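The lines below spell out each chain.
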Amino acid sequence: MSQPTPRKQWIMNAFAMFTPGHLAPGQWRHPDDRAGDYTNLEYWTDLAKILEAGNFHGLFLADHLGIYDVYKGPGNSTPALESGAQFPLGDPFLLVSAMAAATKSLSFAITASTTYENPYALARRLSTLDHITKGRVGWNIVTSYLESAAKAFGLEEQIPHDQRYEKADEYLEVVYKLLEGSWKDDSRVKSASSGKYSLAERVRRIDHHGKYFKCSATHQLHPSIQRTPFILQAGSSSAAKNFASKHSEAMFLPGLEPEKVRKEVDDIRAQVVSHGRSPDSIKFLAGILVIVDETDEKAQAKYQSYLQYADLEGAAALFGGWTDHDLSKYGEDEDFKFSGSGAIQSMVNAWSTTIPGTDGAKWTRRRVLQELAVGGVHARAIGSPQTVADILQRWVDVAGIDGFNLSYAISPGGFEDMIKYLWPELKERGVFWGDYEKIGASMRESYLADGKGPQLRKEHPGASYKRTTE
C-alpha cells in the first residue's frame, strides 16, 4: 500500500521593522504593544526568543533610507512624524548580533540598498554577521525608491528605476567577487606549528572596473558559513523580476488576491529557468496580516479594537510613500472605485471582492484609509485557527507560493497569538514543522530545505565566482 504524499511545509517568516509604526501606524498607543519602544534592545531580544520558541523560520527586517513625505506634500514629513509611520527608523543591522546571541536557530533577513551602500563595505558587514550568527543571516536587496532618500544622499533626484536595477546587477557582481572569489575555503589555517594564520597564496585581491563601480581589494574576512548570505528581494516591475530571477533565493510578494499573485509567480519562475536555474530554486513568500483568536467573533473583535488606535494620517503617509499618490488631493466623499489611479482602483476592487459586506459600499478616502490602517496594502487573514488556516491554504494552492511574511498589528502579541492559536492547527494539517529540522542551521539550509548545505547552489550565478581548494 502506497504512503500518502507528505504535504508541502510552509515557510513562516515574521515581518517587522526597527520603528514604532511598521504597517499599522498608531498601534504604539495600544497598551499591549511593545514595538513603540523600538529602541529598547530587550524588546528585540524578547521578540527573537518568542519567535524561536514558536519555530518561526526567520525575522524579516524591512528598512528605507528617507521619510514618507508625499502625503499633503511634496516634502511634508509632518504626518509621518506625528503618527510614527515608519519614522523614527533605526539601522536594522545593529539589532542582529544581540538577537542572534539570544537564539540558536532563528534566521534574520536584513534590508540593505544597492543604490546608497558601498559594495566593499556592505560585503564586510554581511560577512561579519554571517560569521557571528553562524550562517543565520540573509540580505533583502533593495534599490531604494524614495525621493527623500535620494536627496538625503546628495542627489537632486532619484536615479531612474531601471538604471537602479542595472546598477544593482553590477553591485552583486562586486559582492560575489569579494565573498566568493577572494579567499579559498582552506585559506585560514590558524597553524601554531607553522606560525601562519592564513596562507597568503590562497588569498587574492579582486579587481573590478565596471560602469558603476571600481574595487581593488582583498575581502577583509575569511569565508563564513554561507559565504554569500541568503538572498531575498521584493518588487513587481519588469526590471525587479528579471533581477530577482537571476539572483534571488526567496522573493517577497505583495498582493491582495492570490489569483493575481499566481501570475507573478509563474512569470518569475519562467524567467528563473531562462537564467539557467531550476524553477524551484526560488521560494515565494506572500505578505499577509494575521489576526487570530479562539473564534471568528473574538478575532474580528480584536481587529475592531485595533482600529480604535489606528492613525489614518499615518496610513495616508505610508500609502503616499509606497505609491507616490497623495490622497489629500482627492475629495472626502469621492468614490475611489470610480476615480483615482489605476493602482488605487485595483486595490479597491480587490477589497470589494474579498471583504464581506462591502458590496455596493462607497469607497471614500476615509474608508480606503481604514482598510490601509492595519496591515497596509497586504492581504488579511482574520478569524479562528481553522478560518485563518483555510485562508492561508488557499493562498498556497492558488498563488503557488511557499510561505508567508507575517505582519502584525501589535508586537509581540500578534506573533504570540499565531503561536498559541494558529500553529497547532497548521501542525495538525501537516503544513508547518514541529521543530527546526536542524538546530543552528544556516538560513539557506532552513529556507531551501534541499539538503545541499549552507552555500550558494551550483546553478546560482554567484557560485561561479567561488574559489575552491582545487
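Counting of residues starts from 1 at the beginning of each chain's written sequence and follows it residue by residue. The model is predicted, so local features are restricted to residues of pLDDT at least 70 and side-chain atom pairs to those at 80 or more, both for listing and for counting; the totals for chains, interfaces and linings are taken over all residues. The basis for every side-chain value is the complete set of non-hydrogen atoms in the structure, without hydrogens or water.

Asker: Explain the environment of D450 to me, please; I cannot follow it from the model alone.
Answerer: Looking at the element boundaries, D450 is found in the segment after α15 (443-448). Polar contact criterion, stated in full: a pair of N or O atoms within 3.5 Å, where within protein one must be able to donate a hydrogen and the other to accept it, and residues adjacent in sequence count only if both atoms are side-chain atoms. Among the polar contacts made by the side chain of D450, one reaches the side chain of R457 at a distance of 2.8 Å. Counting from the N terminus, the helices are DSSP H or I runs at least four residues long and the strands are E runs at least two residues long.

Asker: Is there a simple way to explain the nonpolar core in this structure?
Answerer: Within soluble globular proteins, side chains that are nonpolar generally end up buried alongside one another. Residues I401 and F404 are the most contacted members of the largest nonpolar core, which totals 83 residues. When residues of this core are assigned to their parent elements, the largest contribution, nine residues, is made by helix α6 (residues 161-181). Residues count as neighbours in contact if any of their non-hydrogen atoms are within 4.5 Å of one another. If we skip the residues at most four places from it in the chain, I401 touches K8, V261, V265, F284, A286, W395 and V396. Joining through side-chain atoms within 4.5 Å is the link that ties buried Ala, Val, Leu, Ile, Met, Phe, Trp, Tyr and Cys residues into a set, and such a set is a nonpolar core. Throughout, exposure labels follow a simple rule: accessible area from a 1.4 Å probe, protein chains only, divided by the maximum for the residue type, with under 20% read as buried, over 50% as exposed, and the rest as partly exposed. Counting 30 residues, the second largest nonpolar core, distinct from the first, contains Y71, F319, M347 and V374.

Asker: When you look at the packing of aromatic side chains in this model, what are you seeing that I'm missing?
Answerer: We describe a pair of aromatic rings using the distance from one ring centre to the other and the angle between the two ring planes. Classification of ring pairs uses Phe, Tyr and Trp, with its six-membered ring standing for Trp, and accepts pairs whose centres are within 6.5 Å; under 30 degrees between planes counts as stacked, over 60 as edge-to-face, and the remaining range as tilted. The final tally for this structure, using the stated rule, is 18 aromatic pairs. With centroids separated by 5.4 Å and ring planes inclined at 85 degrees, the aromatic side chains of Y171 and F213 adopt a geometry described as edge-to-face. On the criterion of sequence distance, the pair formed by Y171 in helix α6 and F213 in the loop between β7 (206-209) and β8 (214-217) is long-range, its members being 42 residues apart. On the numbers, 5.4 Å between centres and 45 degrees between planes, the contact of F230 with Y447 is tilted.

Asker: Is there a simple way to think about the packing of helix α3 (residues 93-101) against helix α4 (residues 119-132) in this case?
Answerer: Two packed helices can be described by the angle between their axes and the distance between those axes. Close contact between α3 and α4 brings their axes to 10 Å; oriented N to C, the two are set at 10 degrees. Compared by their axis directions, α3 and α4 come out roughly parallel. The residues of α4 that touch α3, namely those facing F93, V96 and S97, are L122, R125, L126, L129 and I132. Broken down by class, the residue content of the contact of α3 with α4 amounts to six nonpolar, one polar and one charged. Between N-to-C directions, angles cover 0 to 180 degrees, with each direction set by a line fitted to C-alpha atoms, over the stretch in contact for helices. With respect to orientation, any angle under 35 degrees is reported as roughly parallel, any angle over 145 as roughly antiparallel, any angle of 65 to 115 as roughly perpendicular, and every other angle as oblique. All amino acids are sorted into three groups, where Ala, Val, Leu, Ile, Met, Phe, Trp, Tyr, Cys and Pro are nonpolar, Asp, Glu, Lys and Arg are charged, and the leftover types, Gly among them, are polar.

Asker: Can you help me understand the environment of D266 in this one?
Answerer: In this structure, D266 sits in helix α8 (residues 258-274). On the basis of relative accessible area, D266 is assigned to the partly exposed category, the value being 40%. D266 sits 160 residues away from L426 along the chain, and the two C-alpha atoms are 26 Å apart.

Asker: Just to check I follow, could you spell out the packing of α4 against α6 for this structure?
Answerer: Two elements in contact, α4 and α6, have axes separated by 9 Å at closest approach and are oriented at 50 degrees. Judged by the inter-axis angle, α4 sits oblique to α6. Here α4 runs over α6; the crossing is right-handed. Mapping the contact onto sequence places P119, Y120, L122, A123 and S127 in α4 and Y171, V174, V175, L178 and L179 in α6. Partitioned by chemical class, the residues of the contact of α4 with α6 number nine nonpolar, one polar and no charged. Crossings are assigned a handedness: left-handed for a near helix turned anticlockwise from the far helix by less than a right angle, right-handed for a clockwise turn.

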